[in-house]
Amino acid sequence: MRRSVVRRCYATAGGYVFAKSAEEIAREQGLSRVARLASNENPASPSEAVIAAGLSALKEGNRYPAARAAAVTVALRRLHGDHAFLIGNGMDGVIETVVRTVVEPGDRVVISTPTFSFYNLTAAAQGAEVVEVPREPDFSVDPDRFVEACQGAKLAFLCTPNNPTGNVVPVDVVREILDRTDCLLFLDNAYIEFSDVDYRPLMREYDHLIEGRTMSKAYSLAGLRFGYAFVPEWLAPHLEQAATPFAVNSVALAAAEAALADRAHIHEVVAHVRRWRDRFMAEIPLPVAPSEANFILIDVAPMKGDEAMERLAAGGVVVRSCRSFPGLEDRYIRVSIGADWENELFLEKVRDLR
Ligand SMILES: *Cc1c(COP(=O)(O)O)cnc(C)c1O
């Protein structure tokens, strides 16, 4: 059979779980528009300056993007100071490059669950032995258990604020983990802009830390695929060697460069999320986990995640059922903070769930 050429890790069903498309749900329910609260996207479009930068890059689409990649690195240094950076096709691309650079088949990779699924998928594809360390009942990370799992491991992933639970790992706990293990730690900070924590000072103290960021969430660029990471100086040339050449296209690079400079957009977005996060916490009539991200985890027991998701979809609100997150009981949904009308509609429909 031709199928026998496919690697075992891709031979059976599985992989990344995509949210049902808003178009599909609108069609099924006969609605003209639905609230898209399943993917933690930003409801705000990129700003005019970012759109103009993207368009102008498109005009030079006949050239390879090397010069633009250098320019975006300058913009990153302007914002964050003089670090070494790795850029990628989304943070997903960055994660893939890191795994490809350090993980040999059979190496151990540690993940704190429940969390973002892509670490497991990409590590398994590289032939790693993935070790899952369950979080505590309040979704905090016990440094003893995490450090113990890191003994002899090559790489560990810690997501903070964590997807899908929304909570942060305090800086002191990350510091304790770094002090007690030599394992390379990838801190996924996809939602950091919405939180009150800052792990950047740790980058100067530890040379086994990588801090991953994305412009898909706070920066409104999910469709353009731009992510980056603060990386240790010694690792940077090896990452570059492993990375796909020209992985980030010139339109994404130009848009990212302009968006990094547009601080007003970020301030507005973050203020919007904080305002709505407070309202969600106060007004959702079900148990919610404290969040420092642009989404909220809601306990819908005795319902299952899929049932709550389907009932909300019937009301024109698309949310994420958390059934597919290993390490999480099947009784949660994850709801992104969207535009005003989307959030209002969700608050109306979630009241009917009780
Ligand atoms: C969205 C997300 C990412 C991926 O971001 P991209 O830059 O769009 O690839 C990474 N980590 C977490 C936890 C996320 O939620």
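Definitions and limits used
- Residues numbered from 1 in each chain as written.
- Predicted model: local features only at pLDDT ≥ 70, side-chain atom pairs only at ≥ 80, totals over all residues.
- Heavy atoms only, no water.
- Axes fitted to C-alpha atoms, helices over the stretch in contact; angles between N-to-C directions.
- Helix = DSSP H or I, 4+ residues; strand = E, 2+ residues; numbered from the N terminus.
- Parallel < 35°, antiparallel > 145°, perpendicular 65-115°, else oblique.
- Left-handed = near helix turned anticlockwise from the far one by under 90°.
- Contact = heavy atoms within 4.5 Å.
- Pairing = 2+ DSSP bridges.
- Domains from an automatic or database assignment.
- Buried area = accessible area lost by both parts, 1.4 Å probe.
- Salt bridge = Lys/Arg side-chain N within 4 Å of Asp/Glu carboxyl O.
- Polar contact = N/O pair within 3.5 Å; in protein donor to acceptor, adjacent residues only side chain to side chain.
- UniProt positions renumbered as here; feature names shortened; annotations may be inferred.
- Nonpolar A, V, L, I, M, F, W, Y, C, P; charged D, E, K, R; others polar.
- Patch = residues over 30% accessible without salt bridge, like charges linked within 9 Å, V, L, I, M, F, W, Y side chains within 5 Å.
- Areas by Shrake-Rupley, 256 points an atom, 1.4 Å probe, with all protein chains shown as cover.
- Buried < 20%, exposed > 50% of the residue type's maximum accessible area, 1.4 Å probe, protein only.
- Near = heavy atom within 4 Å.
- Core = buried A, V, L, I, M, F, W, Y, C linked by side-chain atoms within 4.5 Å.

A. Local environment of the packing of helix α3 (residues 48–58) against helix α11 (residues 250–261). In the contact formed by α3 and α11, the axes pass within 8 Å of each other and the chain directions differ by 150 degrees. With respect to α11, the axis of α3 lies roughly antiparallel. Between α3 and α11 lies a crossing whose hand is right-handed. Here α3 contributes Ala49, Val50, Ala53, Gly54, Ala57 and Leu58 to the contact with α11, which in turn contributes Ser250, Val251, Ala254, Ala255, Ala258 and Ala259.

B. Up close: the sheet that holds strand β11 (residues 320–321). The three strands lie next to each other as β9-β12-β11, forming an open sheet whose pairing is antiparallel. The sheet is open, and its two borders are formed by β9 (295–299) and β11, each paired with just one other strand. In the sheet, β9 pairs with strand β12 (residues 332–336) via five bridges, with the strands oriented antiparallel. Within the sheet, the bridge partner assigned to Ile298 lies in β12 and is Ile333. Helix-sheet contacts for helix α13 (residues 305–314) involve β11 and β12, and the interaxial angle to β12 is about 40 degrees.

C. Up close: the domain arrangement of the protein. The domain architecture assigned to the protein consists of domain 1 (2–45 + 264–353) and domain 2 (48–262). On the domain 2 side, the residues contacting the 33 residues of domain 1 number 27 residues. Taken over both partners, the interface formed by domain 1 and domain 2 buries close to 2,500 Å², and the fraction arising from carbon and sulfur atoms is 58%. Of all residues in domain 1, the largest losses of buried area upon contact with domain 2 belong to Tyr16, Ile266 and Glu292, amounting jointly to 24% of the total for that side. Summed over the shared surface of domain 1 and domain 2, the number is one salt bridge. As a salt-bridge pair, Asp196 and Arg274 come within 2.8 Å of each other at their nearest N and O atoms. Connecting domain 1 to domain 2 are 15 residue pairs in polar contact (both at pLDDT 80 or more).

D. Main features of the UniProt feature "domain: Aminotransferase class I/classII large" (unreviewed entry) in the protein. Mapped onto this numbering, the UniProt entry gives "domain: Aminotransferase class I/classII large" (unreviewed entry) at residues 35–342. This span, residues 35–342, is 40% helix and 18% strand, and a straight line between its end C-alpha atoms measures 5 Å.

E. Inspection of the packing of helix α4 (residues 66–80) against α11 at higher detail. Between α4 and α11, the shortest axis-to-axis distance is 9 Å and the interhelical angle comes to 20 degrees. By the angle between their axes, α4 is roughly parallel relative to α11. Of the two elements, α4 crosses α11, and the hand of that crossing is left-handed. Across from Arg68, Ala69, Ala71, Val72, Ala75, Leu76 and Leu79 in α4, the residues of α11 making contact are Ser250, Leu253, Ala254, Ala256, Glu257 and Leu260. Residues belonging to the contact of α4 with α11 are distributed by class as follows: 10 nonpolar, one polar and two charged.

F. How the structure looks around a nonpolar patch on the surface. On the surface, a cluster of nonpolar side chains totalling about 330 Å² of accessible area is made up of Val5, Val6 and Tyr10. Relative to the helices and strands, Tyr10 is located in helix α1 (residues 8–11). Overall, the relative accessible area of 54% leaves Tyr10 in the exposed class.

G. Spotlight on the UniProt feature "modified residue: N6-(pyridoxal phosphate)lysine" (unreviewed entry) in the protein. If you check UniProt for "modified residue: N6-(pyridoxal phosphate)lysine" (unreviewed entry), the listed places come out as Lys217 in our numbering. Among the structural elements, Lys217 can be located in the loop between β7 (209–214) and β8 (227–231).

H. Molecular detail of the site of the ligand. Surveying the vicinity of the ligand reveals 13 residues, the closest of which are Met91, Asp188, Tyr191, Thr214 and Lys217. Taking Lys217, its side chain carries an N or O atom lying 3.0 Å from an oxygen atom of the ligand. Against a free-state accessible area of 380 Å², the protein chains account for coverage of 94% of the ligand. Ranked by the residues each element gives to the shell around the ligand, the list is headed by helix α5 (residues 90–102), at three residues.

I. Quick look at the nonpolar core. Counting residues in hydrophobic clusters, the biggest one holds 104 residues, and the most contacted among them are Phe146, Leu155, Leu185 and Phe346. Counting only domains with at least three residues in this core, you end up with domain 1 (2–45 + 264–353) and domain 2 (48–262). Setting aside residues no more than four positions away along its own chain, Leu185 makes contact with Phe146, Ala156, Leu158, Val174, Ile177, Leu178, His208, Leu209 and Ile210.

J. Just the sheet that holds strand β3 (residues 108–113), in detail. Pairing is mixed across the open sheet formed by seven strands, whose spatial order is β2-β8-β7-β6-β5-β3-β4. Across the chains shown, the open sheet's two edge strands, defined by having one partner strand only, are β2 (84–88) and β4 (129–134). Across the sheet, the mean angle separating the axes of adjacent strands is 20 degrees when strand polarity is ignored. Strand direction decides the pairing type here: strand β5 (residues 155–159) and strand β6 (residues 184–188), joined by five bridges, are parallel. From the neighbouring strand, Leu155 faces β6, where its bridge partner is Leu184. The strands touched by α5 are β2, β5, β6, β7 and β8; relative to β6, the strand with the most contacts, the crossing angle is about 175 degrees.

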